[in-house]
Structures are given as structure tokens and as C-alpha cells.
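Overview (structure and organization)
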Amino acid sequence: MIKMIILMPFLYFPEDKTEYIPAVISLAIFIVLTVVAMRLMMKKSRNDEKKFNEKYSKEIKQAKQTDSPTK
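This is a predicted model, so every value here is computed, not measured. (Residues numbered from 1 in each chain as written. Predicted model: local features only at pLDDT ≥ 70, side-chain atom pairs only at ≥ 80, totals over all residues. Heavy atoms only, no water.)

A word on the overall build of the protein. Looking only at helices and strands, the protein has 3 helices and 0 strands in total. Put simply, the protein runs from its N terminus to its C terminus through helices and strands in the order α-α-α. Looking at the protein as a whole, 1% of its 71 residues qualify as buried. Put simply, the protein shows about 7,500 Å² of open surface, and 69% of that area lies on carbon and sulfur atoms. (Helix = DSSP H or I, 4+ residues; strand = E, 2+ residues; numbered from the N terminus. Buried < 20%, exposed > 50% of the residue type's maximum accessible area, 1.4 Å probe, protein only. Areas by Shrake-Rupley, 256 points an atom, 1.4 Å probe, with all protein chains shown as cover.)

Here the focus is the packing of aromatic side chains. Within this structure, the stated rule accounts for 1 aromatic pair. On the numbers, 4.9 Å between centres and 45 degrees between planes, the contact of Phe52 with Tyr56 is tilted. Residue classification places Phe52 among the partly exposed positions, given a relative accessible area of 47%. (Phe/Tyr/Trp six-rings, centres within 6.5 Å; stacked < 30°, edge-to-face > 60°.)

Moving on: the packing of helix 2 (residues 21-55) against helix 3 (residues 57-67). One way to put it is that helix 2 packs onto helix 3 with a least axis distance of 4 Å and a crossing angle of 70 degrees. In this view, helix 2 runs roughly perpendicular relative to helix 3, as classed from their interaxial angle. Seen from helix 2, the contacting residues are Phe52, Asn53, Glu54 and Lys55; seen from helix 3, they are Ser57, Glu59 and Ile60. Here the residues of the contact of helix 2 with helix 3 sort into 2 nonpolar, 2 polar and 3 charged. (Axes fitted to C-alpha atoms, helices over the stretch in contact; angles between N-to-C directions. Parallel < 35°, antiparallel > 145°, perpendicular 65-115°, else oblique. Contact = heavy atoms within 4.5 Å. Nonpolar A, V, L, I, M, F, W, Y, C, P; charged D, E, K, R; others polar.)

Right, let's get into a nonpolar patch on the surface. A contiguous nonpolar patch, built from Ile21, Ile25, Ile29, Phe30 and Leu33 and spanning about 510 Å² of accessible area, is present on the exposed surface. Topologically, Phe30 is positioned in helix 2. (Patch = residues over 30% accessible without salt bridge, like charges linked within 9 Å, V, L, I, M, F, W, Y side chains within 5 Å. Salt bridge = Lys/Arg side-chain N within 4 Å of Asp/Glu carboxyl O.)

In this section: a positive patch on the surface. Where like charges cluster on the molecular surface, the positive patch consists of Arg39, Lys43, Arg46 and Lys50. Here Lys43 lies in helix 2. (Lys, Arg positive; Asp, Glu negative; His and termini not counted. Charge placed at Lys NZ, Arg CZ, Asp CG, Glu CD.)

Before going further, it helps to spend a moment on the environment of Thr18. Residue position: Thr18 is located in the loop between helix 1 (2-7) and helix 2. For Thr18, the side chain forms a polar contact with the side chain of Asp16, separated by 2.8 Å. (Polar contact = N/O pair within 3.5 Å; in protein donor to acceptor, adjacent residues only side chain to side chain.)

Keep in mind that low pLDDT regions are not for reading the predicted coordinates in detail. Per-residue confidence for the protein gives a mean pLDDT of 87, with 82% of residues at or over 70. For the protein, per-element mean pLDDT is lowest for helix 1, which scores 62, and highest for helix 2, which scores 97. (pLDDT = per-residue confidence, 0-100.)

Laid out in C-alpha cells, this is it:
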């Protein structure tokens, strides 16, 4: 509790709200870059999954047939 009271004078809330503009711009840039990176990873993952399924489709079918109970 004492540490919080000691650190309170270091808080800074500017009277001129235009000082928030650079922070908002940089935040927006990072959010856009994060969304782009996530989309690229999802696209790469989908492509890897397709390649995997094409490469191992026979083995997957065989495994499903051997695991399924016969009636």
C-alpha cells in the first residue's frame, strides 16, 4: 500500500488532450499489425493442414477403418 502511495505523484494526465494522439496512432498501428500477423498465421496453418491431408490421406483412411467397429 505504501508503494502505491509513493508512486502516485508519477502519474501524468495531460491537460492538453492532443498529447494522446501519438499514443492512439501507435496503438492503432500495433493492432493492425497484430491482426495481419494473425491472419498470415491462420492462412499458413490452413495450407499446412491441406498439405498434410494430401500427403497422408491413405494412412488417415486406413486408421479410420481399423478404428471403427464392424457391425
